[in-house]
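Here's the letter readout for the chains.
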Amino acid sequence: MKSFIAFALVASLCALAQANEEGVCRNSVVSACGSSSFSGTSICNARFAGIESIEPEVQAYINSQLTKSYEYLLLATHFNSYQKNRPGFQKLYQGLSDRSFDDSIDLIKKITSRGGIVDFNTRHESPASVSTQRPTLEVDELHSLALALDNEKQLATGATHVHTRATHAALRDPELAHYLEESFLPKQADSVRKLSGYANDLAKLMKVPDPSLSIYLFDEFLQKQ
């Protein structure tokens, strides 16, 4: 039964192949029917276009998203302590942490749906990534916004880098480029704009001898967002 299903699937692919590829199809049919499962090198997979060249960049971006999610979670925990007691800032960073984690899961689903493999035992570094030195996360309110803005710019740069690779590599991947355009680039741009506004507004509010009331009111504002 398995051999029959394997033969039917590969035969369908052969019917759509070009004439000069018929020999490859015949060999694949023989190999598929001669084993109980498809091998990793079989043509019966979801890999096409430029997934081979884009896969390491996507893996690096997934790693970056997970790292930022962890950093945002630490910031949220810091501002949720009884010493800081900033529920507005805690809400902001918890939301960013959840978003980065969800984005990493979406990317994992996308790359595996295209026949890729996400291997966290292998470290992939993107040219768009910056220093791996971890910043100090126990910071005040204004510095935390500056840190978050830097993080969002790094994620925006990473998404742009993967998109550039998908559209300008020797073997392009328009489908993956379209996915990034729809799901990541606009969202990252909006996040950079929002955090830059927050940082500039709070910096202006703190230009007083005692900024404690300004910070409290700004935290109240964040709670309502």
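Quick caveat, the model's predicted, so the values are computed rather than measured.

### A few points about the nonpolar core
One finds Leu75, Phe89, Leu92, Tyr93, Leu145 and Leu195 to be the most contacted residues of the largest nonpolar core, which totals 23 residues. Elements that contribute at least two residues to this core include exactly α3 (51–79), α4 (87–113), α5 (141–168), α7 (185–205) and α8 (212–223). With residues near it in sequence (within four places) discarded, Leu195 still touches Leu92, Leu96, Leu145, Ala148, Leu149 and Glu152. The next biggest cluster of nonpolar side chains, apart from the first, holds 17 residues, and it includes Val58, Val118, Ala159 and Leu180.

### Looking at α5
Between its first and last C-alpha atoms α5 spans 40 Å; for 28 residues at 1.5 Å apiece the expected length is 40 Å, and the two agree. Where α5 starts, the residue carrying a side-chain oxygen 3.3 Å from the main-chain nitrogen of Leu142 turns out to be Asp140.

### Examining the environment of Tyr179
Along the chain, the position of Tyr179 falls in helix α6 (residues 174–183). Tyr179 sits in the buried class, given a relative accessible area of 15%. Considering only alpha carbons, one finds Tyr179 and Lys110, 69 residues apart in sequence, at a separation of 8.9 Å. Among residues more than four places away in sequence, those in contact with Tyr179 are Asp106, Leu107, Lys110 and Phe184.

### Some remarks on the packing of aromatic side chains
This model, assessed by the stated rule, comprises 10 aromatic pairs. Plain terms: the ring middles of Tyr61 and Phe184 are 6.0 Å apart, the flat faces sit at 75 degrees to each other, and that makes the pair edge-to-face. In this pair, Tyr61 sits in helix α3 while Phe184 sits in the loop between α6 and α7, placing the two residues 123 residues apart along the sequence. The pair Tyr61 / Phe184 is uniform in exposure class, with both members buried. Ring centres 5.8 Å apart and planes at 65 degrees place the aromatic pair Tyr179 and Phe184 in the edge-to-face group. Of the two residues, Tyr179 and Phe184, neither departs from the other in class, the shared state being buried. Among the aromatic side chains, those forming a connected cluster through ring pairs are Tyr72, Phe79, Phe89, Tyr93, Tyr198, Phe218 and Phe221. Directly above the aromatic system of Phe48 lies the positively charged group of Arg114, at a separation of 3.9 Å from the ring centroid. Here the basic side chain of Lys187 rests over the ring of Phe184, its NZ or CZ set 5.3 Å away from the ring centre.

### Let's talk about the pattern of salt bridges
This model, assessed by the stated rule, comprises nine salt bridges. Arg99 is paired through a salt bridge with Glu152; the nearest N and O atoms lie 2.6 Å apart. One end of the pair, Arg99, is in helix α4; the other, Glu152, is in helix α5, with 53 residues separating them in the sequence. As far as the burial class goes, Arg99 and Glu152 line up, both buried. One network of salt bridges, in which partners are shared, links Arg99, Asp103, Glu152 and Lys187.

### Remarks on the UniProt feature "binding site: Fe cation" (unreviewed entry) in the protein chain
Sites flagged by UniProt as "binding site: Fe cation" (unreviewed entry) map to Glu152 and Gln188. The greatest C-alpha distance among the annotated residues, which extend across 37 residues, is 6.7 Å, indicating that they converge on a single site. Under the relative-accessibility criterion, Glu152 is labelled buried at 0%. With sequence-adjacent residues up to four places away left out, Glu152 is seen in contact with Tyr72, Leu96, Arg99, Gln188, Ser191, Val192 and Leu195. Residue Gln188 is classed as buried on the basis of its relative accessible area of 0%.

Rules of the game
Residues numbered from 1 in each chain as written. Predicted model: local features only at pLDDT ≥ 70, side-chain atom pairs only at ≥ 80, totals over all residues. Heavy atoms only, no water. Core = buried A, V, L, I, M, F, W, Y, C linked by side-chain atoms within 4.5 Å. Buried < 20%, exposed > 50% of the residue type's maximum accessible area, 1.4 Å probe, protein only. Helix = DSSP H or I, 4+ residues; strand = E, 2+ residues; numbered from the N terminus. Contact = heavy atoms within 4.5 Å. Expected span 1.5 Å × (residues − 1). Polar contact = N/O pair within 3.5 Å; in protein donor to acceptor, adjacent residues only side chain to side chain. Phe/Tyr/Trp six-rings, centres within 6.5 Å; stacked < 30°, edge-to-face > 60°. Lys NZ or Arg CZ within 6 Å of the ring centre and 35° of its normal. Salt bridge = Lys/Arg side-chain N within 4 Å of Asp/Glu carboxyl O. UniProt positions renumbered as here; feature names shortened; annotations may be inferred.

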